[in-house]
Number of protein chains: 4
Amino acid sequence: MKAFVMDGIGETGLTEKDRPEFGPSDAILKPTKGLICTSDCHTVHGAIGDRENLTLGHEVVGVVDTVGEAVSDFEPGDRVAVGAITPDWSSEAAQDGHPSQSEGALGGWKFANVKDGTFAEYVHVNDADGNLAHIPDEVSDHEALYTTDMMTTGFAAAENAAIPIGGTVAVFAQGPVGLMATKGASLQGAGTIIAVETVPKRQELAREYGADHVVDFGETDAVEEIMEMTDGVGVDAAIEALGSDTTLQDAIKVVKPGGTVSNVGYHGDGEYRHIPREEWGVGMAEIDIVTDLCPGGRLRIKRLLRLLANDRVDPTKMTTHEFEFDEIEEAFEMMDEKEDDIIKPLIHFE
Amino acid sequence: MKAFVMDGIGETGLTEKDRPEFGPSDAILKPTKGLICTSDCHTVHGAIGDRENLTLGHEVVGVVDTVGEAVSDFEPGDRVAVGAITPDWSSEAAQDGHPSQSEGALGGWKFANVKDGTFAEYVHVNDADGNLAHIPDEVSDHEALYTTDMMTTGFAAAENAAIPIGGTVAVFAQGPVGLMATKGASLQGAGTIIAVETVPKRQELAREYGADHVVDFGETDAVEEIMEMTDGVGVDAAIEALGSDTTLQDAIKVVKPGGTVSNVGYHGDGEYRHIPREEWGVGMAEIDIVTDLCPGGRLRIKRLLRLLANDRVDPTKMTTHEFEFDEIEEAFEMMDEKEDDIIKPLIHFE
Amino acid sequence: MKAFVMDGIGETGLTEKDRPEFGPSDAILKPTKGLICTSDCHTVHGAIGDRENLTLGHEVVGVVDTVGEAVSDFEPGDRVAVGAITPDWSSEAAQDGHPSQSEGALGGWKFANVKDGTFAEYVHVNDADGNLAHIPDEVSDHEALYTTDMMTTGFAAAENAAIPIGGTVAVFAQGPVGLMATKGASLQGAGTIIAVETVPKRQELAREYGADHVVDFGETDAVEEIMEMTDGVGVDAAIEALGSDTTLQDAIKVVKPGGTVSNVGYHGDGEYRHIPREEWGVGMAEIDIVTDLCPGGRLRIKRLLRLLANDRVDPTKMTTHEFEFDEIEEAFEMMDEKEDDIIKPLIHFE
Amino acid sequence: MKAFVMDGIGETGLTEKDRPEFGPSDAILKPTKGLICTSDCHTVHGAIGDRENLTLGHEVVGVVDTVGEAVSDFEPGDRVAVGAITPDWSSEAAQDGHPSQSEGALGGWKFANVKDGTFAEYVHVNDADGNLAHIPDEVSDHEALYTTDMMTTGFAAAENAAIPIGGTVAVFAQGPVGLMATKGASLQGAGTIIAVETVPKRQELAREYGADHVVDFGETDAVEEIMEMTDGVGVDAAIEALGSDTTLQDAIKVVKPGGTVSNVGYHGDGEYRHIPREEWGVGMAEIDIVTDLCPGGRLRIKRLLRLLANDRVDPTKMTTHEFEFDEIEEAFEMMDEKEDDIIKPLIHFE
């Protein structure tokens, strides 16, 4: 079968591989549509170390091809989505309410990390009953695709932010995860949503997904402007959706005493992140800093699909480009360089 | 000044009263608009016992007339809303996170209960700094009025229901509190909202406020239909917004194991409410039954006003009738009899 | 192998059975010690319907005899405990934080309910990696045995009760679950613990496990006495550990507005449980009624074993009688009749 | 009256002052016993800026001397404790569940910060009904004194740490707040408590207050040793009770994915605190960093007094030295220099 792989840091390409094997609880999925994620680019640049002949990709929907003998709720031909994170549900971390951390930090992240990813003609899914979800008839493959990472990750940022109904929220960066965090804040009942972004197209989408105000950090000091907008009080919650030291610091600076900083950005470099001591209230202002990794699992994906079935959100507005699977290398390069204001490139497998 | 009072069970009328006195932390409010609540009717029929010459009403907005010497954040002329519940913020109950229960069960409920209510030319507000909220310019008096009880109560029902994002909710009864519970479920990110109601006008509003399905209990068995809609699983959360034994039982019956029954109905008669033992999972199905009394206070009302300022909801659709203050007795009788499909009658004070 | 079975309602006996089969994720356990539970008696009397040739028992520790090929963390010879509840960790209920409700209400309860229980020479354990826990060297089999049901259930009652540090708690009934709820309240930092019990031996143990006061409901009105003890305010939390309508009502009556009723009793008969409407604050006093089923799983049992290893509690004080496996029928009858002030009868398998 | 004041950075002394004035909701307290806190030393060294003729001290118990006309629950002669933090209970922050942050970051901290402190013959208490608590007969002044800061602060560190029953906790530094955090972890049901400390007397007290293990960071690498003790997994919760950059980093390093870092240390210098990026799981390991400021208020202090009345803890073991009020300067200097292994110096006012 064909697969799009990383073969050493900085090296990618389409190649031929054997179809994946599977155990009694597993399934083999035949992808219909996929999305490229910026973290695929990070991986290729070495963020998680070197990898040889590792299939890339973790955002996919498709049709069940084969199931192991212990799989009870899915069968060949079922149209399904699978979360980017596929936890070991029996693990102690999952029993503790942190399935994404099963078998160690970020251990639920298997695709294109500890095993082959989803940019292939056949994809292995561990614990099919626990990690697949049926796509309702009302939901297209294209829509469903966004549940697997962008929606689940962005919404989780908002859920973790403990936003009171009618509360104020600032969302730093409006890439696809930030846009979904903005939408998530809206779905959690935020009263005022302030999006921080400088790219016009992303600013526009931020407004469509629920931002009441957009702060252009290219033109103004975001911290000052947000403090002014909130009469010097600060926001109830700030979401970091970029992964940079600066935006994390800014998020801490604009949160009021008693508020929450919800980090969803992947902090990919540097030895430290910096907490500004005074704005942090010298460790006594009751500002919580919380983090999250993309929640996966059948129940989670099923609930997100329900939001799509009932028209709560249209994530496909973030699809700016489309490619055939054969053209994936070109798509990958555009995503890597963020050319042509690309947000999400859709890959058609058939 | 003129006041609309209860003077013995079943007796109401407009009368003359002295203007209220006030302490150092209090304010006197001059109402501009008010709403009649079904609980005003309950009160007149004796639900909280007999009362003599008690001014009715608890939903009001207006202009500050006078403030006590210790009030720091409000002054005469300010346009303000005040919650139906005006807690003693120093009380142990408030310190414990239950301000509505200050000084005993439901103790935060003062208007038309332990002191004169709001259907008068001048209204006394305890702890003005803690219980008043400025109305933003973008919000009309009419809109703001709904924050004082219907929005805060209905939304609280949804907040307490612990609805997961994308989860399923059933809301029993679509009176004004139930309608706001439906809207609240939407603002909390519910994936599917099922409203239970038989009056066509209320069914229609339920859809406008976010219901995906309406179950007409006059035409079908609501429990059966909801169980069918959820593939026999039941809903994540059920909201009781009527106050009857039957709907509370139905709410318990349709909630799945691990789900939440959120009661916001005022249960005004009978010695007991009944928990159906089997559907309750013989006390071991992890179904929580939680209750709430209309959250008040400056911060709460301020946050709800923010939702109005940013167009998250239009509660004025529930205003079906309008009256001058002089005509309040007629309005009251219509509300008591639920004539002409009345939902909320608006009272103009000026 | 020998097994102690229920064979029709009211019928029990030792019999011969085949050794259990097992799947790839399962283990076979060879018991060393077990405990009889009052719910075994309920089962025999038909509480969950008729059963034929069903092995009884769900509280057991032992040695791993065999493991399936997919089991990675346990091997023959390991000394282990297994929770009475053995969830399907991939199920939607478990993903939702309610593993005891996997595959429907109380669905995590498999032993002596939907499959053979633990009173046998060999016992089948589903999902060994998820449901077994190694017993530390410092902990005896006898001690470890109490983690499987009495400690996990009683402690959960206290954990669910949301007891503030220094708060007040009333625990209704001091059977073994109630005693562990009393200990659990102590381990959660309760400031005053009031145990309600009439049997002298249980009263004495209640004091040893942390009760500050014992209310003998045989000699006094428990509700009145608890209200008096709390200056008419009521307790922060009340725990129902019996399963009767009366004690549930009493628990509701003594909880203050804003407090929590935590039910852990198995309500085995009657069509309804009754909520006293007025003391429930007419549905608006913010009294939560929550329930629980015995939490199981490797992590939970491991944590409870840690409490034993570090001498936080000695549950073996509850062992009032000891029997060989051959004598189990006699033990069962004593437990059924609550003869000789029996609390827990220990069964030695070897 | 006599008062012990700070009069410029580094300057302290006993002086004469007028008795404090009071408003309608306030009380004047006549101290009987007080404790010096390390933060008094920080203040004198300029941590919160310069102060002129500011009375120091915030840990005090005494007898009510006078009350304002609006005070309803206290009268002259009552024996009372008052929290170091005396919130404005009507403030938005208090309504939001963060009373210590009323009127801005740390705004509930008034004694020896924004008004005169407690080392004086008469002490002003704002909102007497909300901030005083009666001391039960069974509790001595000396014991009660510890509720005002050390117990409430240390216990809060443990409560915020979200310790699962039977979970593992590391407490960094065993000064009086750290010792009470250790005791707090024990009162929250921790299964294993690891105290990090190098002073022998504090190590000994740590064991008395519930530590199962003591890690001497002077002799070993604390992070390595804690990781080894937890089989490489890390602890469920780590408490920082010192206020240094290093211990905060260590706390992050030893917490497992999904765990909580609870900061209670006052971070008094430096521009930043540093989060070690990798051990923080690159912002995706679900490690929460939470902070707290000494919870005050009548209910809180009342609950802590209950723990003393029922012998849950003996905090007076931390009193290493005693002085008359006239000798307070000497006591202050010993505390400042941490001479003679001083932990807490008790001041007798009479």
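All chains use their own residue numbering, which begins from 1 and follows the written sequence. Each chain is given a letter, starting from A, and each ligand a number, starting from 1, according to the order in which they appear as written. Confidence filtering applies because this is a predicted model: local features only for residues at pLDDT of at least 70, side-chain atom pairs given and counted only at 80 or more, and all residues used for totals across whole chains, interfaces and linings. Hydrogens are left out, water is left out, and the side-chain values use all remaining heavy atoms of the structure.

Engineer: What exactly am I supposed to notice about the environment of L305(B) here?
Structural biologist: All names here are of chain B. Helical segments are the DSSP runs of H or I of at least four residues, strand segments are the runs of E of at least two, and each set is numbered from the N terminus. Residue position: L305 is located in helix α10 (residues 298-309). Measuring from C-alpha to C-alpha, the distance between L305 and V125 comes to 19 Å, with 180 residues separating the pair along the chain. Whether two residues are in contact is decided by their heavy atoms, any of which lying within 4.5 Å being enough. Setting aside residues no more than four positions away along its own chain, L305 makes contact with A133, H134, I135, P136, V139, A144 and T147.

Engineer: Mind showing me how you'd approach the side chain of R51(C) here?
Structural biologist: Residue and element names in this part refer to chain C. Looking at the element boundaries, R51 is found in the loop between α1 (38-44) and β4 (54-55). Put simply, R51 is tucked away with no salt bridge, and the nearest opposite charge, on D50, sits 7.1 Å away. In protein, a polar contact means a hydrogen-donor-capable atom and an acceptor-capable atom, both N or O and within 3.5 Å, with residues adjacent in sequence counting only if both atoms are side-chain atoms; elsewhere, any N or O pair within 3.5 Å suffices. Engagement of the side chain of R51 in a polar contact is seen with the backbone oxygen of I48, the distance being 2.9 Å. The residues touching R51, leaving out its near neighbours within four places in the chain, are M6, D7, G8 and N113. Here the term buried applies to any residue with accessible area under 20% of the maximum for its type, exposed to any over 50%, and partly exposed to those in between, with areas from a 1.4 Å probe on protein chains only. The charged-residue count follows a simple rule in which Lys and Arg add positive charge and Asp and Glu add negative charge, with His and chain termini not counted at all. The term salt bridge refers to a side-chain nitrogen of Lys or Arg lying within 4 Å of a carboxyl oxygen of Asp or Glu.

Engineer: Teacher, can you tell me more about the sheet that holds β4(C) here?
Structural biologist: Strands belonging to one sheet form pairs held by backbone hydrogen bonds; the direction of such a pair is parallel or antiparallel. Residue and element names in this part refer to chain C. Being paired, for any two strands, means DSSP has found at least two bridges between them. Strand order across the open sheet formed by three strands is β2-β1-β4, with antiparallel pairing between neighbours. Two strands in the sheet have a free side with no partner beyond their single neighbour: β2 (12-16) and β4. Across two bridges, strand β1 (residues 2-6) lies against β4 in antiparallel orientation. The residue of β4 that forms the bridge with V5 is T55. Against the sheet, helix α11 (residues 328-337) makes contact with β1 and β2, and its axis sits at roughly 160 degrees relative to β2, the strand it touches most. Every axis corresponds to a line fitted to the C-alpha atoms, with the helix fit spanning only the stretch in contact, and the corresponding angles, defined between N-to-C directions, vary from 0 to 180 degrees.

Engineer: Which parts of the structure should I look at to understand the sheet that holds strand β1 (residues 2-6) of chain B?
Structural biologist: Residues and elements named next belong to chain B. One open sheet holds the three strands; their spatial order is β2-β1-β4, and the pairing between them is antiparallel. The strands lining the two open edges of the sheet, one partner per strand, are β2 (12-16) and β4 (54-55). Two elements, β1 and β2, share five bridges in a ladder whose sense is antiparallel. Residue pairing for β2: K2 is matched across the bridge by E16. Of the strands in this sheet, β1 and β2 touch helix α11 (residues 328-337), which is tilted by about 160 degrees from β2.

Engineer: Is there a simple way to explain a negative patch on the surface in this structure?
Structural biologist: Residue and element names in this part refer to chain A. Taken together, E322, E324, E327, E330, E333, E337, E339, D340 and D341 make up a surface patch of like negative charges. Elements with a minimum of two residues in the negative patch: β16 (319-324) and α11 (328-337). Among the elements that take part in the negative patch, α11 stands out by supplying three residues, more than any other. Within the secondary structure, E339 is located in the loop between α11 and β17 (344-348). Judged by its relative accessible area of 39%, E339 is partly exposed. Patch definition: residues with relative accessible area over 30% and no salt bridge; like charges joined within 9 Å; nonpolar side chains (Val, Leu, Ile, Met, Phe, Trp, Tyr) joined within 5 Å. All accessibility values rest on the Shrake-Rupley procedure with a 1.4 Å probe; residue burial counts only the protein chains present in the view. In plain terms, the charge of a residue is placed at NZ if it is Lys, CZ if Arg, CG if Asp and CD if Glu.

Engineer: Looking at this structure, how should I read the packing of aromatic side chains?
Structural biologist: Geometrically, a pair of aromatic rings is defined through the distance of the ring centres and the angle of the planes. Paired rings are identified among Phe, Tyr and Trp, the last through its six-membered ring, by centres lying within 6.5 Å, and are further divided according to the angle between planes into stacked (under 30 degrees), edge-to-face (over 60) and tilted (the rest). Inspection of the entire model under this criterion finds 12 aromatic pairs over all chains. Geometrically, the ring pair formed by F325(C) and F349(C) is tilted, given 4.7 Å between the ring centres and 35 degrees between the ring planes. Of this pair, F325(C) sits in the loop between β16 (319-324) and α11 while F349(C) is found in the segment after β17 (344-348), placing the two residues 24 residues apart along the sequence. Residue classification places F325(C) among the buried positions, given a relative accessible area of 5%. The structure contains a cluster of three or more aromatic residues connected by ring pairs, namely F4(A), F119(A) and F332(A).

Engineer: So what exactly am I meant to see when it comes to the interface of chain C and chain B here?
Structural biologist: By a frequent convention, interface size equals the accessible area lost on bringing the separate parts together. Contacts between chain C and chain B engage 41 residues on the former and 41 residues on the latter. Defined here as a combined quantity, buried area equals the accessible surface (1.4 Å probe) lost by two parts on assembly, summed across both. For the pair chain C and chain B, the two sides together bury roughly 3600 Å², of which 57% comes from carbon and sulfur. Among the residues chain C hides against chain B, the three largest losses belong to R277(C), M284(C) and E286(C). Together they make up 20% of the total. The interface formed by chain C and chain B holds two salt bridges in total. Put simply, D96(C) and K256(B) hold a salt bridge, and the shortest N to O gap is 3.1 Å. Remark: the boundary between chain C and chain B carries 32 residue pairs in polar contact (both at pLDDT 80 or more). In terms of residue count, the dominant contributor to the side of chain C that touches chain B is strand β14 (residues 272-276) of chain C (five residues). Partitioning the side of chain C that touches chain B into residue classes produces 16 nonpolar, 15 polar and 10 charged. Pairing of strand β14 (residues 272-276) of chain B with β14(C) involves five bridges; the strand directions are antiparallel. Each residue receives one of three labels: charged for Asp, Glu, Lys and Arg, nonpolar for Ala, Val, Leu, Ile, Met, Phe, Trp, Tyr, Cys and Pro, and polar for the others, Gly being one of them.

Engineer: Looking at this structure, I do not really get the relation of the copies chain C and chain B. What am I missing?
Structural biologist: Turning one copy of the chain about an axis and sliding it along that axis gives the other copy, so a rotation and a shift relate them. Only residues with pLDDT of at least 70 in both copies count here: their C-alpha atoms drive the least-squares fit that superposes the copies. Once chain C has been moved 0.0 Å along the axis and rotated by 180 degrees, it coincides with chain B to within an RMSD of 0.0 Å. Look at the turn and shift together and you get a two-fold axis relating the two. Mapped onto chain B, 100% of the interface residues of chain C again fall at the interface, so both copies present the same surface.

Engineer: Looking at this structure, how should I read the environment of E337(C)?
Structural biologist: Residues and elements named next belong to chain C. Within the secondary structure, E337 is located in helix α11. Given the relative accessible area of 54%, E337 is considered exposed. Sequence separation between E337 and T38 is 299 residues; the distance between their C-alpha atoms is 10.0 Å.

Without other data, these values stay purely geometric and don't point to any function.
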